[in-house]
Protein chains: 2
Amino acid sequence: MADESLPPWNPYDPDCPTRMMLDRIGDKWTVLVLGLLSAGPLRFNALRRQVPGISQKMLSQTLKDMERDGLVDRSAFATVPVTVEYTITPLGQSLAATVAQLVTWATRHADQVLAARARYQSR
Amino acid sequence: MADESLPPWNPYDPDCPTRMMLDRIGDKWTVLVLGLLSAGPLRFNALRRQVPGISQKMLSQTLKDMERDGLVDRSAFATVPVTVEYTITPLGQSLAATVAQLVTWATRHADQVLAARARYQSR
DNA sequence: CGGGATCCGATCTGATACTG
DNA sequence: CAGTATCAGATCGGATCCCG
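All residue numbers refer to position in the chain's written sequence, counted from 1. Think of it this way: whatever chain is written first is A, whatever ligand is written first is 1, and the rest follow in order. Per-residue local features are limited, in this predicted model, to residues with pLDDT of at least 70; the limit for side-chain atom pairs, both in listing and counting, is 80 or more; totals at the level of whole chains, interfaces and linings are taken over all residues. Calculation of side-chain values draws on the structure's entire complement of heavy atoms; hydrogens and water are dropped beforehand.

Caption draft 1: Geometry of the overall build of chain A. Under the DSSP-based scheme used, a helix requires at least four consecutive residues in state H or I and a strand at least two consecutive residues in state E, with every element numbered from the N terminus. A tally of regular secondary structure across chain A gives 5 helices and 3 strands. Taken from N to C terminus, the helices and strands of chain A fall in the order α-α-β-α-α-β-β-α. The C-alpha radius of gyration computed for chain A amounts to 18 Å, which surpasses the reference 14 Å derived for 123 residues by more than 25%, pointing to a less compact arrangement than a globule. Based on the C-alpha atoms only, the size of chain A along its principal axes is roughly 65 × 40 × 25 Å. Here the term buried applies to any residue with accessible area under 20% of the maximum for its type, exposed to any over 50%, and partly exposed to those in between, with areas from a 1.4 Å probe on protein chains only. The buried share of chain A, taken over its 123 residues, is 45%. Two residues form a contact once any of their heavy atoms are found within 4.5 Å. Summarising the internal contacts of chain A: among those between residues at least 6 apart in sequence, 42% fall at separations of at least 24. The distance from the centre of the 14 positive side-chain charges to the centre of the 12 negative ones in chain A is 13 Å. With C-alpha atoms as the basis for the radius of gyration, the globule rule is written as 2.2 Å multiplied by the number of residues raised to the power 0.38. Charge assignment in this entry is limited to Lys and Arg as positive and Asp and Glu as negative, and neither His nor the chain termini are counted. Each charge is placed at NZ for Lys, CZ for Arg, CG for Asp and CD for Glu.

Right, dumping it as structure tokens:
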């Protein structure tokens, strides 16, 4: 009677790919950076300006992690001073598209969540 | 001259519904609990057993947050000892379905991410 | 310009102990 | 059984300083 077919997901161990990606998109900045880069390549400080509130440290770290996971490509040009451009990869694009669905859900159901909170509070 | 049409998403302020939900699914346990409850109601300790590694504190806190946001319903029965059952709401189901897409993405692209990591490391 | 290194406070999490 | 309270450790994130 239990589902013999593979369960909806099984990320009960931290090394599972599901947990891996949830952790990534759950961090404070990855989704924001991904969204900006999905519209076109950007340089470090351009990104920094377009993500209000991010620190160099976090932007740097976020980009490094995303590059590590194959979501963005980093290309440095030996100009003076150096120019670095970040480009989203096809893999990153496909993730961005998937995350967009979640954003759509959040946008569409935000009122219900807020209503639930109001109900909960006045309980 | 800025984009008049609404951008892909604009969660640049932390109060935005997008950030709100990303933070929720980004936490360590919500997705796991949501997945289990999407298959049917469960009691507190049953959930605890089926989510290996979770502490009472985190399960309790996760469930409270989910109830607060209208993702689950909590019903207590005055048996001895008390019985409490958690049930997923329609809102929670719809979120679970959306998250499942992300899980599908993660499952399908995990090899690419791991390959990217291997490439990055041996660089 | 594009970062790295370091310090420090805030937050998150888990282990433990206790309760109705 | 289903939690709450408290404490300690780990992690996160930001500010600052420095470098090629």
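Caption draft 2: Structural view of the UniProt feature "domain: HTH hxlR-type" (unreviewed entry) in chain A. Within this structure's numbering, the places UniProt gives as "domain: HTH hxlR-type" (unreviewed entry) are residues 16-114 of chain A. As annotated, residues 16-114 of chain A comprises 64% helix and 14% strand, and the C-alpha atoms at either end are separated by 32 Å. UniProt positions are given in the numbering used here, feature names are shortened, and annotations may be inferred rather than shown by experiment.

Caption draft 3: Inspection of the interface of chain B and chain A at higher detail. Counting from both sides, the interface comprises 49 residues of chain B and, opposite them, 48 residues of chain A. Summed over both sides, the interface of chain B with chain A buries roughly 4600 Å², with 72% coming from carbon and sulfur. Note on definitions: salt bridges are taken to be side-chain nitrogens of Lys or Arg within 4 Å of carboxyl oxygens of Asp or Glu. Here chain B is connected to chain A by 2 salt bridges. The salt bridge involving Arg 117 of chain B is made with Asp 69 of chain A; its shortest N-O contact spans 2.6 Å. Definition of a polar contact: a pair of N or O atoms within 3.5 Å, with one able to donate and the other able to accept a hydrogen when the atoms are protein atoms, and with sequence-neighbouring residues admitted only if both atoms are side-chain atoms. The tally of links between chain B and chain A comes to 8 residue pairs in polar contact (both at pLDDT 80 or more). For the side of chain B that touches chain A, the secondary structure elements donating two or more residues are helix H1 (17-26), helix H2 (30-37), helix H4 (56-68) and helix H5 (90-121) of chain B. Buried area adds together the accessible area that both of two parts lose upon being put together, with accessible area traced by a 1.4 Å probe.

Caption draft 4: Summary view of the protein's contact with DNA strand C. Any residue with at least one heavy atom within 4 Å of a molecule or strand is counted as near it. The local shell around DNA strand C holds 18 residues, among which Ser 60, Arg 74 and Tyr 86 of chain A together with Lys 57 and Met 58 of chain B are the closest. In DNA strand C, atoms within 4 Å of the protein come from the sugar-phosphate backbone in 66% of cases. At 3.1 Å from a phosphate oxygen of DNA strand C is found a side-chain nitrogen or oxygen belonging to Arg 43 of chain A. Taking Trp 29 of chain B, its side chain carries an N or O atom lying 3.4 Å from a phosphate oxygen of DNA strand C. Of all the elements in the fold, those that place two or more residues in the surface near DNA strand C are helix H3 (44-50), helix H4 (56-68) and strand E3 (83-88) of chain A together with H4 of chain B. When residue character is reported, Ala, Val, Leu, Ile, Met, Phe, Trp, Tyr, Cys and Pro are called nonpolar, Asp, Glu, Lys and Arg charged, and the others, Gly included, polar. In terms of residue class, the surface near DNA strand C is built from 8 nonpolar, 4 polar and 6 charged.

Caption draft 5: The protein's contact with DNA strand D, seen in detail. Taken together, the neighbourhood of DNA strand D is formed by 18 residues, with Lys 57 and Met 58 of chain A together with Ser 60, Arg 74 and Tyr 86 of chain B sitting nearest. The contact atoms of DNA strand D, taken as those within 4 Å of the protein, divide so that sugar and phosphate hold 71%. At 2.7 Å from a phosphate oxygen of DNA strand D is found a side-chain nitrogen or oxygen belonging to Ser 60 of chain B. Residue Tyr 86 of chain B places a side-chain N or O atom 2.5 Å away from a phosphate oxygen belonging to DNA strand D. Contributions of two or more residues to the surface near DNA strand D are made by H4 of chain A together with helix H3 (44-50), H4 and strand E3 (83-88) of chain B.

Caption draft 6: View of the relation of the copies chain B and chain A. Rotating chain B by 180° about the axis while translating it 0.0 Å along that axis superimposes it on chain A, leaving an RMSD of 0.1 Å. In the structure described here, the two chain copies are related by an operation that fits a two-fold rotation axis. The rotation axis passes nearest to the C-alpha of Gly 26 of chain B in chain B, at a distance of 1.8 Å. C-alpha atoms of residues with pLDDT of at least 70 in both copies form the basis for the least-squares superposition of the copies.

Caption draft 7: Broad picture of the nonpolar core. Among the nonpolar cores identified, the biggest contains 66 residues, and Leu 37 and Leu 47 of chain A together with Leu 47 of chain B are the most heavily contacted of them. Here Leu 47 of chain A is in contact with Val 33, Leu 36, Leu 37, Leu 42, Leu 59, Leu 63 and Tyr 86 of chain A, once residues within four sequence places are set aside. The set of buried Ala, Val, Leu, Ile, Met, Phe, Trp, Tyr and Cys residues whose side-chain atoms join them within 4.5 Å is what this entry labels a nonpolar core.

Caption draft 8: Geometry of helix H5 (residues 90-121) of chain A. Multiplying 1.5 Å by the helix residue count minus one yields the expected span of that helix. Taking 1.5 Å per residue, 32 residues should reach 46 Å; H5 of chain A reaches 44 Å between its end C-alpha atoms and fits that length. Of all the bends found along H5 of chain A, the most pronounced is centred on His 109 of chain A and spans about 55°. Each residue is assigned a bend, namely the angle between axes fitted to the seven residues that terminate at it and the seven residues that start at it.

Caption draft 9: Examining the side chain of Asp 69 of chain B more closely. Summarising the element assignment, Asp 69 of chain B is placed in the loop between H4 and strand E2 (72-77). Separated by 2.5 Å, the side chains of Asp 69 of chain B and Arg 24 of chain B make a polar contact. With residues near it in sequence (within four places) discarded, Asp 69 of chain B still touches Val 113, Ala 116 and Arg 117 of chain A together with Arg 24 and Leu 91 of chain B.

Caption draft 10: Fine view of the packing of aromatic side chains. Geometry of aromatic contacts follows a simple scheme: Phe, Tyr and Trp rings, the Trp one being its six-membered ring, pair when their centres are within 6.5 Å, and the pair is stacked under 30 degrees between planes, edge-to-face over 60, tilted otherwise. Overall, the coordinates contain 0 aromatic pairs over all chains when judged by the stated rule. Lying across the ring of Tyr 120 of chain A, Arg 123 of chain A places its NZ or CZ 4.5 Å from the centre. Definition used: whenever NZ (Lys) or CZ (Arg) falls within 6 Å of the ring centre and also within 35 degrees of the ring normal, the charge is taken to sit over that ring.

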